[in-house]
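Given next are the chains, with one letter for each unit.
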Amino acid sequence: MSAAIRPRISACPACAAAPAAETLAARAAPRGATLVLSLPTIHCAACMAAVEDALTGVPGVASARVNLTRKRVSVEAAPGVTAGMLIPVVQAAGYEAHELDASALQATATDTAGRELLMRLAVAGFAMMNVMLLSVAVWSGAEGPTRDMFHWISAAIALPTVAFSGQPFFRSAIGALRARRLNMDVPISLAILLALGTSLRETSLSGEHAYFDAAVSLTFFLLIGRYLDHRTRSVARSAAGELAALEVPRAWRVDGTGAEEQVPVAALAVEDVLRIRPGGRMPVDGTVVEGLSDLDRSLLTGETLPVPAGPGTEVSAGEVNLSGPLLVRASAVGRETSLHRMAELVAVAESGRAQYTPLADKAARLYAPGVHILAALAFLGWLAWSGDLRIAVNIAAAVLIITCPCALGLAVPAVTTAASGRLFRRGLLIKDATALERLAEVDTVVFDKTGTLTTGTPRCTNIDGMDREEQAIALALAEGSAHPLAVALAAALRRCDVVPAPVTGMREVPGQGSEGHLDGVPVRLGRLPAGHDATEPEVTTTWLSVGDRPPRAITFADTLRDGAAEAVTALLAEGRTVILLSGDTAPVVRTLAAQLGITDWQAGVLPQEKAARVKALSDGGHRVLMVGDGLNDTAALAGAHVSISPASALDAARVASDIVLLGKSLAPLPEAMATARTATRRIRQNFALASWYNVIAVPLAIAGLCSPLIAALAMSASSVTVSLNALRLR
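Reference entry: report on the structure contained in this document.

### Some details on the overall build of the chain
Piece 1. When helices and strands are counted, the chain shows 26 helices and 26 strands.
Piece 2. For the chain, buried positions account for 48% of its 730 residues.
Piece 3. For the chain, long-range pairs separated by at least 24 residues make up 67% of all intrachain contacts whose partners lie at least 6 apart in sequence.
Piece 4. Only carbon and sulfur atoms are counted for the fraction: they give 60% of the accessible area of the chain, which is about 33,600 Å².

### Considerations on a nonpolar patch on the surface
Piece 1. Nonpolar side chains collect at one region of the surface, where Trp 692, Val 695, Ile 696, Leu 700 and Leu 705 lie side by side and expose about 550 Å² of accessible area between them.
Piece 2. You can see Leu 705 is positioned in the loop between helix 25 (668-702) and helix 26 (708-727).
Piece 3. By relative accessible area, Leu 705 is classed as exposed at 58%.

### Examining the packing of helix 6 (residues 144-165) against helix 8 (residues 185-204)
Piece 1. Interaxial distance between helix 6 and helix 8 falls to 11 Å at its minimum, and their mutual angle equals 155 degrees. By the angle between their directions, the pair helix 6 and helix 8 is classed as roughly antiparallel. Read as a crossing pair, helix 6 and helix 8 show a hand that is left-handed. Listed contacts from helix 8 to His 151, Trp 152, Ala 155, Ala 158, Leu 159 and Val 162 of helix 6 are Ile 192, Leu 196, Leu 200, Thr 203 and Ser 204.
Piece 2. Its residues assigned to classes, the contact of helix 6 with helix 8 comprises 8 nonpolar, 3 polar and no charged.

### With respect to the packing of aromatic side chains
Piece 1. If you walk through the whole model with that rule in mind, you get 1 aromatic pair.
Piece 2. Geometrically, the ring pair formed by Trp 382 and Trp 385 is edge-to-face, given 5.4 Å between the ring centres and 85 degrees between the ring planes. Residue Trp 382 and its partner Trp 385 are located together in helix 12 (residues 356-386), separated by 3 residues, close to a single helical turn.
Piece 3. If you follow Arg 120 out to its NZ or CZ, it ends over the ring of Phe 164, 4.7 Å from the centre.
Piece 4. For the cation-ring pair, Arg 277 lies above Trp 252, with the distance from its terminal atom to the ring centre recorded as 4.9 Å.

### A closer look at helix 7 (residues 167-178)
Piece 1. Compared with an ideal rise of 1.5 Å per residue, which puts 12 residues at 16 Å, helix 7 spans 16 Å between its outermost C-alpha atoms and is within 8% of the ideal.
Piece 2. Residues Pro 168, Phe 169, Phe 170, Ala 173 and Ala 176 constitute the buried set of helix 7.

### Re the environment of Lys 431
Piece 1. Structurally, Lys 431 is set in the loop between strand 14 (428-430) and helix 16 (434-440).
Piece 2. By relative accessible area, Lys 431 is classed as buried at 9%.
Piece 3. For the pair Lys 431 and Asp 658, spaced 227 residues apart in the sequence, the C-alpha separation amounts to 5.3 Å.

### What about the side chain of Thr 452?
Piece 1. Mapping Thr 452 onto the fold places it in helix 17 (residues 449-453).
Piece 2. A relative accessible area of 0% means that Thr 452 is categorised as buried.
Piece 3. Engagement of the side chain of Thr 452 in a polar contact is seen with the side chain of Asp 448, the distance being 3.3 Å.
Piece 4. Look past the residues within four positions of Thr 452 in its chain and what remains in contact with it is Phe 447, Arg 561, Val 627, Gly 628, Asp 629 and Leu 666.

### Notes on the sheet that holds strand 11 (residues 314-315)
Strand pairing within a sheet occurs via backbone hydrogen bonds; the two strands may be parallel or antiparallel.
Piece 1. Sheet architecture is open: 6 strands sit in the order 6-5-7-13-8-11, paired in antiparallel fashion. The sheet is open, and its two edges are formed by strand 6 (260-264) and strand 11, each paired on a single side.

### Observations regarding the pairing of strand 8 (residues 285-290)
Piece 1. The sheet contact formed by strand 8 and strand 13 (residues 326-332) spans 5 bridges and is antiparallel. Residue pairing in the sheet places Val 288 in a bridge with Val 328 of strand 13.
Piece 2. Note that strand 8 and strand 11 share 2 bridges and pair antiparallel. Bridging from a neighbouring strand, Gly 286 pairs with Val 315 of strand 11.

### Concerning the nonpolar core
Piece 1. Counting residues in hydrophobic clusters, the biggest one holds 39 residues, and the most contacted among them are Ile 192, Leu 196, Phe 212, Val 216 and Phe 220.
Piece 2. A total of 10 residues in this core trace back to one element, the largest contributor, which is helix 9 (residues 212-245).
Piece 3. Ignoring sequence-local partners within four residues, the contact set of Ile 192 consists of Val 162, Phe 170, Ala 215, Leu 218, Thr 219 and Leu 222.
Piece 4. The next biggest cluster of nonpolar side chains, apart from the first, holds 38 residues, and it includes Leu 439, Val 445, Leu 571 and Leu 580.

### Points about helix 25
Piece 1. Taking 1.5 Å per residue as the helical rise, helix 25 with its 35 residues ought to reach 51 Å, and the 50 Å between its terminal C-alpha atoms agrees with that figure.
Piece 2. Positive backbone phi, at 80 degrees, marks Gly 704, one or two positions downstream of helix 25.

### Structural notes on the sheet that holds strand 9 (residues 293-296)
Piece 1. On the basis of which strands lie adjacent, the open sheet formed by 3 strands has the order 10-9-12 and antiparallel pairing. Since the sheet does not close on itself, it has two edges, and those belong to strand 10 (307-309) and strand 12 (320-321), each with one partner.
Piece 2. Judged from the 3 bridges that link them, strand 9 and strand 10 form a sheet pairing that is antiparallel. Within strand 10, the position partnered with Ser 293 by the bridge is Ala 309.

Conventions used here
Every chain is numbered on its own, with residues counted from 1 as its sequence reads. Confidence filtering applies because this is a predicted model: local features only for residues at pLDDT of at least 70, side-chain atom pairs given and counted only at 80 or more, and all residues used for totals across whole chains, interfaces and linings. Excluded from the side-chain calculation are hydrogens and water; included are all heavy atoms of the structure. Starting at the N terminus, helices and strands are each numbered in turn, a helix being any DSSP run of H or I of at least four residues and a strand any DSSP run of E of at least two. Only protein chains enter the accessibility calculation, which uses a 1.4 Å probe. A residue is then buried if its area is under 20% of the maximum for its type, exposed if over 50%, and partly exposed in between. Note on definitions: a residue-residue contact is assigned when non-hydrogen atoms from the two residues lie within 4.5 Å. For every accessible area listed, the method is Shrake-Rupley and the probe measures 1.4 Å; residues are considered covered only by the protein chains on display. Patch definition: residues above 30% relative accessible area lacking any salt bridge, with like charges linked at up to 9 Å and the nonpolar side chains Val, Leu, Ile, Met, Phe, Trp and Tyr linked at up to 5 Å. The term salt bridge refers to a pairing of a side-chain nitrogen on Lys or Arg with a carboxyl oxygen on Asp or Glu at a separation within 4 Å. Only the stretch in contact is used when a helix axis is fitted, and all axes are lines through C-alpha atoms; the angle between N-to-C directions ranges over 0 to 180 degrees. Here the angle decides the label: under 35 degrees means roughly parallel, over 145 means roughly antiparallel, 65 to 115 means roughly perpendicular, and every other value means oblique. Whether a crossing is left-handed or right-handed is set by the direction in which the near helix is turned from the far one by less than a right angle, anticlockwise for left-handed and clockwise for right-handed. In this count, Pro and Cys sit with the nonpolar residues alongside Ala, Val, Leu, Ile, Met, Phe, Trp and Tyr, while Asp, Glu, Lys and Arg are called charged and the others, Gly among them, polar. Pairing of aromatic rings covers Phe, Tyr and Trp, the last counted by its six-membered ring, and requires centre-to-centre distances within 6.5 Å; plane angles under 30 degrees mean stacked, over 60 mean edge-to-face, and any other angle means tilted. Geometrically, a lysine NZ or arginine CZ counts as sitting over a ring once it is within 6 Å of the ring centre and also within 35 degrees of the ring normal. Here a helix's expected span is defined as the number of its residues, less one, multiplied by 1.5 Å. We call two N or O atoms a polar contact when they sit within 3.5 Å, provided that within protein one can donate a hydrogen and the other can accept it, with sequence-adjacent residues counted only if both atoms are side-chain atoms. One bridge is not enough; two strands pair if DSSP finds at least two bridges between them. Throughout, nonpolar core names a set of buried Ala, Val, Leu, Ile, Met, Phe, Trp, Tyr and Cys residues whose side chains join them through atoms within 4.5 Å.

In structure tokens form, the structure reads like this:
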């Protein structure tokens, strides 16, 4: 709706009389969250207790936990509790305190985990090369004291290396055992420790064989797989980090006198007016009230061309003001901005689990006990057959190493996170990772019309056929109405420099239009007056009536959304059924369907009828993709096999959908379906790789044909292969 004719809403007297303190509190009160404060001056357990006691005494604080190593306190607080309320409490207890940004801490923690894995990988790789060189000397024929010396040097390198680099596996295994369960890191840790223990025993007895190289190599290759998995998973996390980084910490607020004040974004409220300088990023959602500029929306929508902005332009948090200063009136702040909601959707996408994933997890959980039983049977069998404890232990260690279920555990998450990251870069946000598998199965696509296949913005098509008097009357009546057609008509007439006629006594009749008098002659803009017959128009139409003259039809066309024609053409070419369901009139829907080549369409559809049609298709064995944006599409979106809504859709529609289209174009839809099919193939390939690997490798290990070193190399190669196969999606 144009800002010039938007209805003005008077402030409630009670609200206007509200105390200023309550207004400020409302500005600063965020929703419940974890607040993190830096405590640079704490140094002992007494400091920890003092800070925690002080903070837990604050009303609304549920808990406070101090980390002495990092000198931070994490506070779980109720809505309304801010860092500004907690810092004075800590200072009163005698300690310095500063607020830390939680999103930055999360990004830092992710980066730190990656750096730690890389450092452990580097240490293991360096140690492996040195131990391998010593092993080559032993394999080349070193004997007696020389061989023992090389073994002891290898032990001196391997023991601290495994103790440091193997910590991720040992910690995970200990945690699982404490919880009285088994995970994939239990057999890994047991295999590494068994290889080290056997090697130490052989070395102490001046034995001929030691497997320090196997223990270090196993650790190194396992860390390669773990690091690749970390990097693959960070694709979606980096997307969330990029969105969080777009949030502006401070903004310039303009008061009624025009004075500027720099305030934290947390202190902003709806209806605040902000000045956005050239090069600055939007801190809120809002409407431009003054100034002309261009906006860069590429980080949010993927559109590279700047978008012009002027009074009335809607802006979103995260957009960049390029050329001129703007005054923006906030319509959504804090967690209500589109940027923050998008970041939350990314977080939801990270936690999504593909349908295959639970199967892989169950397989891994069942796999660990099976591995232990198999290793135990191999140990007992070889001990009984050969009577040699050393051989039995070596074969049991090889079985433990070679049957590690890492590849099985990586088969699905590596693919889903890589595919989600790829689609995000194409402008599609996967809210639920199971949507990838479901999207790959789609055979029927159902589109809504207004706001989905079209932009939902009516465009007047025949004002040139009106004389100047009719244009002036139409403008006067349109400016007195909030109807979307009236808004579009008024905007079009103003662009033609039309001056409104002096219409008096204007009023808007609900469901009929606006009416008034011009020099005593009744004038009206809206529905066709009673007593006038007209065939149902092929396009959206409103009527201008002036006295006894025949009503003048004013026609509108809805602008086709970018990429709609390309998307529908591609879907039809792939053999998918495309259906158009709309609540608009039959002639309008027929015209659009013919324009796009859609033969199956239905007009005048109510919300419950859309949901019923989708359900009927699903009951008939079809896998339905529903694409819609309105409240009337919510039930159909929720009932479809998989659903997509544009970022401009209502909140209810976005919540009900599995995928959010970030840009304005529908062109990425066929590519998304192709990516989903590719991801499904990659998952199946990874399961096949992991399964065939075990079918081939396990009998060789039990037969004694694989040493612990060869087993380590084979197992790590399978994990790396699975990860690299997933990364092909990028």
